Amino acid sequence: MITVNGITLDWYEGKTIHDVLQEMNYLFPLLIARINGKLIPRNKYDSTVIPDGATVDIIHLMSGG
Amino acid sequence: MADRGMITIEIDGKSVSVEKDTTILEAARSIDIFIPALCYSELVEPYAACRLCIVEVNDGRKTKLVTSCNYPVRRPITVYTSSESVMRNRKIILEMMLSRWPNVQVIKDLAKNAGIEQPRYQHPSVDLNPNACILCGLCMRVCEQGIWDNIINFMNRGAERAVRMPYDSEQPHCVGCGACAEICPTGAITMVEDPNQPFDAEMIRKAGMRITEEMIKFDKEQCDMRGVGTAHLVEIMDAYDLLPVMNYRFGKHEDTPKISSDVFRKHFTKGKPDGCWLGCIMACAKAIENFELKTGPYKGEKVLVDGPEYETVGGSSNMGIFDPYFVAEYNFYCDTYGLDTISFSTMTAFIMECYEAGVLDIEKTEGLELHFGAKDAALELLHQIGRGEGFGLIAGKGIRYMKKYFVENFGADPNFVYDIGMEAKGMEYSEYVTKESLAQQGGYGIALKGAQHDEAWLIFMDMVNKQIPTFEDKAEALHYFPLWRTWFSLCGLCKLPWNDVEPADNAETDEPAKVPGHVQGYCEFFEGVTGKPQTMDSLIRMSEKVYNFQRVFNLKMGFGRREHDAIPYRSAGPVTVTEYESRQERYDTQLREEVGIDPSGMSSEEKVARMRKFRETQYEHLLNAVYKRRGWTNDGVPTVAKLTELGIDFPDVIELVKKHGG
Ligand code: SF4
Ligand code: SF4
Ligand code: FES
């Protein structure tokens, strides 16, 4: 199990930030991702593996008028 | 394990994996291998003019010299950046450059590195100017590709070749952005005229240039404002259940792809600067040219449609219409009649729901069948409003008027029309579903001018990120953001460059939602214009004075108390059983986890009622917290103490707020 923005999701070996974005349907481009508080750069979303039990924050910024 | 689509190459014995079509120069830089490159910049397309960046490439069959700035990696190769043959050729080029431009610092430095102190010959067109133009072409490329202007270019040939404005004249179309001067490696371009005579033009240009660079480098991957403008939000709002559908009943629809930004991208004019004013680098205005109108006084004519922007498209889904041609047509006629697309679409969505619910019928609308999705009837209503005729005479007065009118003249159930008529302080809601974000309900309800999101857009922070869980957190956000956004209006600036592109290091800052790097830039703008140094706090302070003044003005005009910050229940939760049942799992969970009751066995009507009681109480708690944070009374009136602290305690102001318990 992992928590993503307070929501509990299943965990599996090798699950990445990219997988989480897909599962949550997080399409917005201005995102900040953290695993247990640690910032994950955008170009590492599909290579950074999330450990079981992790707290993941996907911070959405704002856009538009 | 190699990533898919990556190619591994070797540069000077070090291996590096890069995406296909990365240039050798970029690949080398990514592993800190230095290759001299005078006509290269990541802001523009490569040009391969200086030839200094040559390297030797072996593709397994043969070895050749190539310019690394424009050589795309497509297969595993071995690269030598300082082989004997590279160094020999580079030295020849540098010696020639030094002989022609002996005093230009970048050239002197590179030549020295290559072991040349003095050229062995004199160039026939030697130029002793230390800021001589070395013909790299960076300036004209950034002007054309980055700024979308096309002011400067090379003129003449051979020794006479030089960068010039057309006919050697001053160009009225140059926007004075300074990008060409900033990118020039030799200082050959200087900005000479500052007609507005700001305190420090250079400071303004430097701050502006940072946004320009971010736009050129990141916009495509971030919001693509230059490609599709705010329309990029259509599919995003749908994905988060926030796109208003059928008078804000729902937040997504299976037909949204028909009006998504990709559809409009095909119609938008491309490759021209398209900002609200000349020189805006974000240029998100967007336009459709040669659009043939199907209705109204200009039927059959081909026109230019200014838009559509997100709100106009969201207004269409709100009317249940998923047709890009309709969107363009109603956009054009709203502009032509001087109507705002948000007000028109939100009130038409209200009319449509009334029509479906039987509050209205074809007689009452004088022949208009205004079901959800009825595009012809919606356009006819728009023309009637424009002409001041028929049902358009009633509709054109807005939702606040219609609610009363429908109750008094058509026997409508007041509870129903007041719940679903989406306006606050008499202004129609803009196009976001706020049901799952209490903070945003406040953002709309408390906004001084009426139901607009331009004071605060907090839905992601609140609903998705869960960054502001307590009433106090939400109140803090509803203090800071409205004041920050007010500041743009005070200065006559657009807000979009603040948060529709973000600096590369924004994620690493303490408060990324505020985009601190850009706040700093605005401090510099202000200082550059006025000569007065600023901080984030001092900008907020400017707004706080004005904002409180505006609230007092509202009070004077009869709109400035708690009762005026009330919102229609549709913006806070599901009004009807259909709405509840469409998101049953979500609401049942909330009843269990947030309200603390067990919904099993309850009828949907009961559940709607329990949910409503809970959410309405939450909203009142929110108002309490916001008023407290702002230094207002519990009735939403600025206190004498607050006004005194802000230095706006003028006698008539004090008298007015005292009368209202302030
Ligand atoms: S100041 Fe800007 S618009 Fe003018 S020539 Fe330079 S890059 Fe082009
Ligand atoms: S003016 Fe500067 S940027 Fe433009 S071509 Fe000459 S050296 Fe390059
Ligand atoms: S940088 Fe490659 S040719 Fe100038």
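Residues numbered from 1 in each chain as written. Chains lettered and ligands numbered in written order. Predicted model: local features only at pLDDT ≥ 70, side-chain atom pairs only at ≥ 80, totals over all residues. Heavy atoms only, no water.

### Digging into the overall build of chain B
Applicable threshold: Strands are runs of DSSP state E lasting at least two residues, helices are runs of H or I lasting at least four, and both sets are numbered from the N terminus onward. Whether a residue is buried, partly exposed or exposed follows from its accessible area with a 1.4 Å probe, protein chains only, as a fraction of its type maximum: under 20%, in between, or over 50%, in that order. In what follows, residue pairs with any heavy atoms lying within 4.5 Å of each other are defined as contacts. Here the Shrake-Rupley method, with its probe set to 1.4 Å, supplies the accessible areas, and only the displayed protein chains count as covering residues. Counting rule for charge: Lys and Arg are taken as positive, Asp and Glu as negative, and neither His nor the chain ends is counted. Just so you know, the charge point we use is NZ for Lys, CZ for Arg, CG for Asp and CD for Glu.
For chain B, the helix and strand inventory stands at 27 helices and 11 strands. C-alpha extents for chain B along the principal axes are approximately 100 × 60 × 55 Å. Counting across all 662 residues of chain B, residues that qualify as buried make up 54%. Once local pairs closer than 6 in sequence are excluded, the contacts in chain B between residues at least 24 apart make up 62%. Within the structure as shown, chain B displays about 29,900 Å² of accessible surface, and the carbon and sulfur contribution to it stands at 50%. Across chain B, the mean location of the 75 positive side-chain charges is 3 Å away from that of the 98 negative side-chain charges.

### Thoughts on the domain arrangement of chain B
For clarity, the cut-off: Domain ranges listed in this record stem from an automatic or a database domain assignment.
Here chain B is described as being made up of domain 1 (6-82), domain 2 (225-428) and domain 3 (460-659). On a C-alpha basis, the centres of domain 1 of chain B and domain 2 of chain B stand 51 Å from each other.

### Things to note about helix 4 (residues 138-146) of chain B
Residues and elements named next belong to chain B. Counting buried positions over the nine residues of helix 4 gives seven, a clear majority of the element. Taken together, the buried positions of helix 4 are occupied by Leu138, Cys139, Met140, Arg141, Val142, Cys143 and Gly146. Buried residues along helix 4 sit in contact with strand 6 (153-155), strand 7 (162-164), helix 5 (179-183), helix 6 (201-218) and helix 7 (225-228).

### Overview of the environment of Gln171(B)
Residue and element names in this part refer to chain B. Tracing the chain through its elements places Gln171 in the loop between strand 7 and helix 5. Between the alpha carbons of Gln171 and Ile152 there is a distance of 9.1 Å; along the sequence they are 19 residues apart. Those residues within four positions of Gln171 in sequence are excluded, and the remaining contacts are Ile151, Met165 and Pro166.

### A closer look at the pairing of strand 4 (residues 63-67) of chain B
In summary, the side chains of a regular strand alternate between the two faces of the sheet. All names here are of chain B. Rules: The pairing criterion for strands is at least two bridges between them, as found by DSSP.
As judged from the five bridges shared by strand 3 (residues 54-58) and strand 4, these two strands associate in the antiparallel manner. Within the sheet, the bridge partner assigned to Glu56 lies in strand 4 and is Leu65. Linking two consecutive strands that pair antiparallel, namely strand 3 and strand 4, is a turn of four residues; a positive phi of about 100 degrees is found at Gly60 within it.

### Description of the sheet that holds strand 1 (residues 6-11) of chain B
All names here are of chain B. The line we're drawing: The axes are straight lines fitted to the C-alpha atoms, using for helices just the contacting stretch, and the angles between their N-to-C directions are given from 0 to 180°.
One open sheet accounts for five strands, arranged 2-1-5-3-4; its pairing is mixed. For this open sheet the edge positions go to strand 2 (14-19) and strand 4, each flanked by a neighbour on one side alone. Ignoring which end each strand starts from, the neighbouring axes of this sheet average 35 degrees apart. The pairing of strand 1 with strand 5 (residues 78-80) spans two bridges and is parallel. Paired with Ile11 across the bridge in strand 5 is Val79.

### What about the side chain of Asn318(B)?
All names here are of chain B. Test applied: We call two N or O atoms a polar contact when they sit within 3.5 Å, provided that within protein one can donate a hydrogen and the other can accept it, with sequence-adjacent residues counted only if both atoms are side-chain atoms.
Structurally, Asn318 is set in helix 10 (residues 310-318). Separated by 2.9 Å, the side chain of Asn318 and the backbone nitrogen of Asn247 make a polar contact. Excluding anything up to four places from it in sequence, Asn318 contacts Pro244, Val245, Met246, Asn247, Tyr248, Thr346, Ala349, Phe372 and Glu431.

### Comments concerning the site of ligand 2
Where we set the bar: The nearness test applies per residue and asks whether one of its heavy atoms lies within 4 Å of the molecule or strand. Amino acids are sorted into nonpolar (Ala, Val, Leu, Ile, Met, Phe, Trp, Tyr, Cys and Pro), charged (Asp, Glu, Lys and Arg) and polar (every other residue, Gly among them).
The full set close to ligand 2 counts 13 residues, and Cys133(B), Cys136(B), Gly137(B), Cys139(B) and Cys184(B) are the nearest of them. Tallied by class, residues from the shell around ligand 2 come to 11 nonpolar, two polar and no charged.

### Some details on the packing of aromatic side chains
Residues and elements named next belong to chain B. The condition that has to hold: Between rings of Phe, Tyr and Trp, where Trp is taken as its six-membered ring, a pair exists when centres lie within 6.5 Å; planes separated by under 30 degrees are stacked, by over 60 edge-to-face, and by other angles tilted.
Per the counting criterion, the structure on display carries 36 aromatic pairs over all chains. Ring geometry for Phe481 against Trp498: centres 6.4 Å apart, planes inclined by 40 degrees, an arrangement best described as tilted. A residue pair is termed long-range when its members are at least 10 positions apart, and Phe481 in helix 19 (residues 471-491) and Trp498 in helix 20 (residues 496-499) qualify at 17 residues. For the pair shown, Phe481 and Trp498 are each scored as buried. Each ring, one from Trp484 and one from Tyr522, has its centre 6.0 Å from the other, and the planes form 70 degrees; the classification is edge-to-face. Highlighted residues: Trp484 in helix 19 and Tyr522 in helix 21 (residues 516-530), separated in sequence by 38 residues. The class of Trp484 is buried, set by a relative accessible area of 0%.

### Quick notes on the pattern of salt bridges
All names here are of chain B. Put simply, the rule is: Salt bridges are identified by distance alone: a Lys or Arg side-chain nitrogen within 4 Å of an Asp or Glu carboxyl oxygen.
Here the structure, examined in full by the defined rule, presents 47 salt bridges over all chains. A salt bridge links Asp565 to Lys425; the shortest N-O distance between them is 2.8 Å. On the criterion of sequence distance, the pair formed by Asp565 in the loop between helix 22 (536-556) and helix 23 (577-582) and Lys425 in the loop between strand 10 (423-424) and strand 11 (427-428) is long-range, its members being 140 residues apart. In this structure, Asp565 and Lys425 share a single accessibility class: buried.

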